[in-house]
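So you can see what is in the structure, the chains are spelled out below.
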Amino acid sequence: MAKDDSSAPAGAAKGRNGYERPTRFGVLLVPGYSMMTLAAILDPLRQANEQTGRKLYEWSLFSTDGAPVICSSNVAVDVQYDLNAEVYPDIVLVCAGYHPQRNVNKSVLAWLRVRARRGAVIGGTSTGSLIVAAAGLLDGYRATIHWENQAGFVELFPNVIWTGNILEIDRNRYTCSGGDATLDLMLNIIARDHGSYLAMIVSSEFQHGRIRTSSDNQSVAHRRLLKLKSARVSAAIEIMEQYLEEPLTLEEVSEKAQVSRRQLERLFRHHLGCSPGKYYLDLRLDFARSLLLQTEKPVTDIAFASGFVTLSHFSKSFRQRFGISPRQERLGAADAISAPL
């Protein structure tokens, strides 16, 4: 591949440090990535160029071997470069989707580290954050990932400051939770580079409403709806989520939520159609399932981490909820990861 011989240092471009050249994006496509996410990365950059009549941004697509990459919708997209190309973008984004673990290999991690050492901003969309974290490039940074992967992300990378927000821009690390949050990330980047007015114009071209920031939490919409129904139920759920490894009694949950247990039972059945005890148990089992699918922790450790005193009780409860044992769940996930796209 052609060598990038630009004399301007990585990360420097017009609108940033005064260089008269575009900011260069490199997007690493990971098999199973979301086509929606890729479009949300590239189209705002294209639109920023069109709206200003200037080439503010350039972009290139990468894959591990230079071959087309198949997305989650089974569409193959061509790329310009493989990992051996001597190309050093200003901003590198890892675009990933399902089963990112199978793409965490030495060549990908080394490629990201080299780009970081050369001064590139490094980021990940959705589960791309996991790959960036695996390279050790998110330690000590605020970062986010899709809410479905939250449990595994926190367990695997304790040195990353997990926030659960829509997006995070922390110094030279950019992460977002995927989906349309990717559009918000790109709009924030455009605003930082070339002003909020241009970002607003680009946003309006895509019929996008308010540009969300790192102050927006992924669960905010759900929480707002639930709080409109019952602030006490919402408060009780937040308390439960804080005590998964060492579950509280329902009396303790009620006390912290400042409501009687009897009233808590009534509110849960009215708004959620189940008892608070059942909801609490399901939270713990969902957490355990995430750990089974996203980490290699022993099943016994996962049982304890989700608040079960014995492995037999955990296995029985897991089977009742999901119809299979914890080990079968993990074996099924391993089979899915090893299967061809």
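Residues numbered from 1 in each chain as written. Predicted model: local features only at pLDDT ≥ 70, side-chain atom pairs only at ≥ 80, totals over all residues. Heavy atoms only, no water.

A. Fine view of the overall build of the chain. The helix and strand inventory of the chain stands at 14 helices and 10 strands. Across the 341 residues that make up the chain, the buried fraction comes to 49%. Taking all contacts inside the chain whose residues are at least 6 apart in sequence as the whole, residues at least 24 apart take part in 62%. Accessible surface computed for the chain: about 16400 Å², of which carbon and sulfur atoms make up 50%. (Helix = DSSP H or I, 4+ residues; strand = E, 2+ residues; numbered from the N terminus. Buried < 20%, exposed > 50% of the residue type's maximum accessible area, 1.4 Å probe, protein only. Contact = heavy atoms within 4.5 Å. Areas by Shrake-Rupley, 256 points an atom, 1.4 Å probe, with all protein chains shown as cover.)

B. Quick look at the pattern of salt bridges. Per the counting criterion, the structure on display carries 15 salt bridges. For Glu265, the salt bridge is made with Arg261, and the minimal N-O distance between the two is 3.6 Å. With a gap of four residues between them, Glu265 and Arg261 both fall in helix 10 (residues 261-271), about one helical turn apart. Note that Arg289 and Glu329 form a salt bridge whose closest N and O atoms lie 2.8 Å from each other. Of this pair, Arg289 sits in helix 11 (residues 276-294) while Glu329 is found in helix 14 (residues 326-338), placing the two residues 40 residues apart along the sequence. On the basis of relative accessibility, which here comes to 10%, the residue Glu329 falls in the buried class. Within this structure, Lys278, Asp282, Asp286 and Arg321 form a network of salt bridges that share partners. (Salt bridge = Lys/Arg side-chain N within 4 Å of Asp/Glu carboxyl O.)

C. Main features of the environment of Gly277. Following the sequence through the fold, Gly277 ends up in helix 11. A residue is classified by how much of its surface remains accessible, and Gly277, at 31% relative accessible area, is partly exposed. Once the C-alpha coordinates of Gly277 and Thr249 are considered, the two residues, 28 residues apart in sequence, prove to be 8.8 Å apart.

D. Structural detail: the packing of helix 1 (residues 35-52) against helix 6 (residues 196-205). Running from N to C, helix 1 and helix 6 point in directions that differ by 115 degrees, and their axes come no closer than 10 Å. The orientation of helix 1 with respect to helix 6, classified from their angle, is roughly perpendicular. Crossing handedness for the pair helix 1 and helix 6: right-handed. Between helix 1 and helix 6, the residues in contact are Pro44, Gln47, Ala48, Gln51 and Thr52 and Leu198, Ile201, Val202 and Glu205, respectively. Its residues assigned to classes, the contact of helix 1 with helix 6 comprises five nonpolar, three polar and one charged. (Axes fitted to C-alpha atoms, helices over the stretch in contact; angles between N-to-C directions. Parallel < 35°, antiparallel > 145°, perpendicular 65-115°, else oblique. Left-handed = near helix turned anticlockwise from the far one by under 90°. Nonpolar A, V, L, I, M, F, W, Y, C, P; charged D, E, K, R; others polar.)

E. Structural context of the side chain of Ser306. Mapped onto the elements of the fold, Ser306 is located in the loop between helix 12 (299-305) and helix 13 (311-322). We classify Ser306 as buried; its relative accessible area is 0%. Within the structure, Ser306 has its side chain in polar contact with the backbone oxygen of Ala303 (distance 3.2 Å). The contact partners of Ser306, leaving out residues within four places of it in the chain, are Leu244, Glu245, Arg284, Phe287, Ala288 and Phe314. (Polar contact = N/O pair within 3.5 Å; in protein donor to acceptor, adjacent residues only side chain to side chain.)

F. Representation of the nonpolar core. Counting residues in hydrophobic clusters, the biggest one holds 36 residues, and the most contacted among them are Phe25, Val27, Leu29, Tyr33, Leu38 and Leu61. Take this core: its biggest share by element is seven residues, from helix 5 (residues 181-194). Sequence-distant contacts of Leu38, that is, excluding residues within four places in its chain, are made with Val27, Leu29, Tyr33, Leu61, Val77 and Cys95. Counting 30 residues, the second-largest nonpolar core is a separate cluster that includes Leu83, Leu130, Val132 and Ala135. (Core = buried A, V, L, I, M, F, W, Y, C linked by side-chain atoms within 4.5 Å.)

G. Representation of the sheet that holds strand 6 (residues 121-125). Pairing in this open sheet of six strands is mixed, and the strands run 2-1-5-6-10-9 from one edge to the other. The strands lining the two open edges of the sheet, one partner per strand, are strand 2 (57-62) and strand 9 (167-170). The sheet shows a mean angle of 15 degrees between the axes of neighbouring strands, direction not considered. Across five bridges, strand 1 (residues 23-29) lies against strand 5 (residues 91-95) in parallel orientation. The residue bridging Phe25 from the neighbouring strand is Ile91, located in strand 5. Helix-sheet contacts for helix 1 involve strand 1, strand 2, strand 5 and strand 6, and the interaxial angle to strand 2 is about 155 degrees. Docked against the sheet, helix 5 engages strand 1, strand 2, strand 5, strand 6, strand 9 and strand 10 (173-176), running at close to 30 degrees with respect to strand 9. (Pairing = 2+ DSSP bridges.)

H. Molecular detail of the packing of aromatic side chains. Across all of its chains, the model carries seven aromatic pairs by this definition. Taking the centre distance of 5.2 Å and the plane angle of 55 degrees together, the rings of Phe62 and Trp111 count as tilted. Taken together, the residues Phe62 in strand 2 and Trp111 in helix 2 (residues 106-117) connect sequence positions 49 residues apart. Classification of Phe62 by relative accessible area gives buried; the value is 0%. For Trp111, a relative accessible area of 3% translates into the label buried. With 5.7 Å between their ring centres and 75 degrees between their planes, Phe268 and Tyr279 make a pair best called edge-to-face. Of this pair, Phe268 sits in helix 10 while Tyr279 sits in helix 11, and the two are 11 residues apart along the sequence. Taking relative accessible area as the criterion, Phe268 reaches 0% and is therefore assigned buried. (Phe/Tyr/Trp six-rings, centres within 6.5 Å; stacked < 30°, edge-to-face > 60°.)

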